[in-house]
Amino acid sequence: MVTQGLTPEQVSQFEQNGFLLLRDELSSETVKKLYNETAFMLSQFSLADHPMTKFSTDEEAHIGDDYFLGSSDKIRFFFEQGAFSPTGELVKPKAKAINKIGHALHNLNPTFNDSTVNDRNRAIAQSIGFKNPYVLQSMIICKQPEIGGKVPSHQDSVFLYTDPPSAVGFWYALEDCTAENGALSFVPGSHKWANIAKRMIRVDGNRKGTGFIKIEGVEASREPLDEEFIMPQCPAGTLVLIHGSLLHKSETNRSQKSRYAYTFHMIEGEYKYDNLNWLQVPPTEEGGANFTRLYA
Ligand code: FE2
């Protein structure tokens, strides 16, 4: 039996809006499995040998270190900034202090691998025009109670750049997302007017880290207005497809509940992924980055 991708209506909605919500994409059993696996990982990781990396999409934030830059083929744990006191003490239990886990769950964790590399996702990728989809990276976003940090308006292709841009996010709600716990909001159609005018790169040299460079010949677009964002209902089990040029954001989680989500990004294998990108997938024995293919 051929696994169905998106319907023509869904494809045209995605093309028009730059995002698409597929409610009940995951069964409640699968949601529970992924949630429990997340909780298990959070309870198991070791604080003792952790370099206390923090992650933020804020351009000023210091996010560059080996732990982060070397995470493309590992499962690593990144802290919320709000999990530390001004003097650097952890003020939350470790399971409630992690912002995200990344970036190779799709390879290294069998539960997450099942929910990533499968016929359904292959069919979805094909319906939205991918010829040779690669899974570039995967993350669990924890959005912890009280401290789950806000993610300012951004476009994913800035962080996961191919030439031409091709990233598409697959984002699964593992808990109900609400205005209180930091649900996603989007500027519908912004993928059509908001250019990818810069990209995040790896900086080597004295100070390893990340930075941004302008993309030559591409004008930066205007900033979106607050009132342009919409926040659709997004219950647990929903898959949100997010075009890499779409402006989206999420607010701080001020509630007493977490907002776990699993997300991975596909890129088009036919396009150029160069070694300026901050995220570098180690090579295979034959050479060439060892991307996870969605097609055999
Ligand atoms: Fe994003």
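Residues numbered from 1 in each chain as written. Predicted model: local features only at pLDDT ≥ 70, side-chain atom pairs only at ≥ 80, totals over all residues. Heavy atoms only, no water.

Quick look at the pattern of salt bridges now. Where charged atoms of side chains with opposite charge meet at close range, the side chains can pair. If you walk through the whole model with that rule in mind, you get nine salt bridges. Across the pair R122 and D119 runs a salt bridge, and its minimum N-O distance is 2.7 Å. With R122 and D119 both in helix α6 (residues 119–127) and three residues apart, the pair spans about one turn of that helix. One salt bridge connects K249 with E251, and the closest N-O pair in it is separated by 3.5 Å. In this structure K249 comes out as buried when scored by relative accessible area, which is 14%. Linked through salt bridges whose partners overlap, the residues forming this network are D226, K249 and E251. (Salt bridge = Lys/Arg side-chain N within 4 Å of Asp/Glu carboxyl O. Helix = DSSP H or I, 4+ residues; strand = E, 2+ residues; numbered from the N terminus. Buried < 20%, exposed > 50% of the residue type's maximum accessible area, 1.4 Å probe, protein only.)

If you walk through the whole model with that rule in mind, you get 16 aromatic pairs. Seen from their ring centres, Y134 and F291 are 4.9 Å apart, and the 15° between their planes marks the pair as stacked. With Y134 in strand β4 (residues 133–141) and F291 in the loop between β12 (261–268) and β13 (292–293), this pair connects stretches of sequence that are 157 residues apart. Judged by its relative accessible area of 9%, Y134 is buried. Taking the relative accessible area as the measure of exposure, F291 reaches 12% and is therefore buried. (Phe/Tyr/Trp six-rings, centres within 6.5 Å; stacked < 30°, edge-to-face > 60°.)

On to the sheet that holds strand β5 (residues 151–154), then. Strand pairs in the sheet, formed through backbone hydrogen bonds, run parallel or antiparallel to each other. In spatial order, the strands read β5-β11-β7; together these three strands make up an open sheet with antiparallel pairing. In the strand order of this sheet, the two ends are held by β5 and β7 (184–186), each with one partner. Going from strand to strand, the sheet's axes swing by 20° on average, the running direction of each strand aside. Alignment of β5 against strand β11 (residues 248–250), held across two bridges, turns out to be antiparallel. Residue V151 lies in a different strand from β11, and its bridge partner there is S250. (Pairing = 2+ DSSP bridges. Axes fitted to C-alpha atoms, helices over the stretch in contact; angles between N-to-C directions.)

Given a rise of 1.5 Å per residue, 17 residues ought to cover 24 Å, and the 24 Å separating the end C-alpha atoms of helix α2 (residues 28–44) matches this to within 8%. Check the buried side of α2 and you find it contacts β2 (75–79), β3 (98–103), α4 (105–108), α5 (110–114) and β4. (Expected span 1.5 Å × (residues − 1). Contact = heavy atoms within 4.5 Å.)

Moving on, we come to the environment of Y271. One can find Y271 in the loop between β12 and β13. Given the relative accessible area of 37%, Y271 is considered partly exposed. Taking the C-alpha atoms as reference points, Y271 and T162, 109 residues apart in sequence, are found 6.2 Å from one another. Ignoring any residue separated from it by four or fewer positions in sequence, one finds Y271 in contact with T162, D163, P164, P165 and S166.

Here we take up the side chain of S190. Looking at the element boundaries, S190 is found in the loop between β7 and β8 (198–203). For S190, a relative accessible area of 0% gives the class buried. Those residues in contact with S190 that lie beyond four places of it in its chain are S245, L246 and L247.

Attention now goes to the environment of G211. With respect to the helices, strands and loops of the structure, G211 is situated in strand β9 (residues 209–214). Distance in space between the C-alpha atoms of G211 and I201 is 5.4 Å, their sequence separation being ten residues. When sequence neighbours within four positions are dropped, the list of residues in contact with G211 reads R199, M200, I201 and V203.

With that settled, the discussion passes to the side chain of S138. Mapped onto the elements of the fold, S138 is located in strand β4. Within the structure, S138 has its side chain in polar contact with the side chain of H106 (distance 2.7 Å). Look past the residues within four positions of S138 in its chain and what remains in contact with it is I101, G102, H103, A104, L105, H106, Y262, T263 and F264. (Polar contact = N/O pair within 3.5 Å; in protein donor to acceptor, adjacent residues only side chain to side chain.)

Take the pairing of β4 next. Side-chain direction in a regular strand flips from residue to residue, so the side chains alternate between the two faces of the sheet. In terms of residue burial, β4 counts as a mostly covered element, since nine of its nine residues are buried. Direction of pairing for β4 relative to β12: antiparallel, over a ladder of eight bridges. Bridge pairing in β12 places Q137 opposite H265. One ladder, built from two bridges, connects β4 with β13; its direction is antiparallel. Residue pairing across strands places Y134 opposite R293, the latter belonging to β13.

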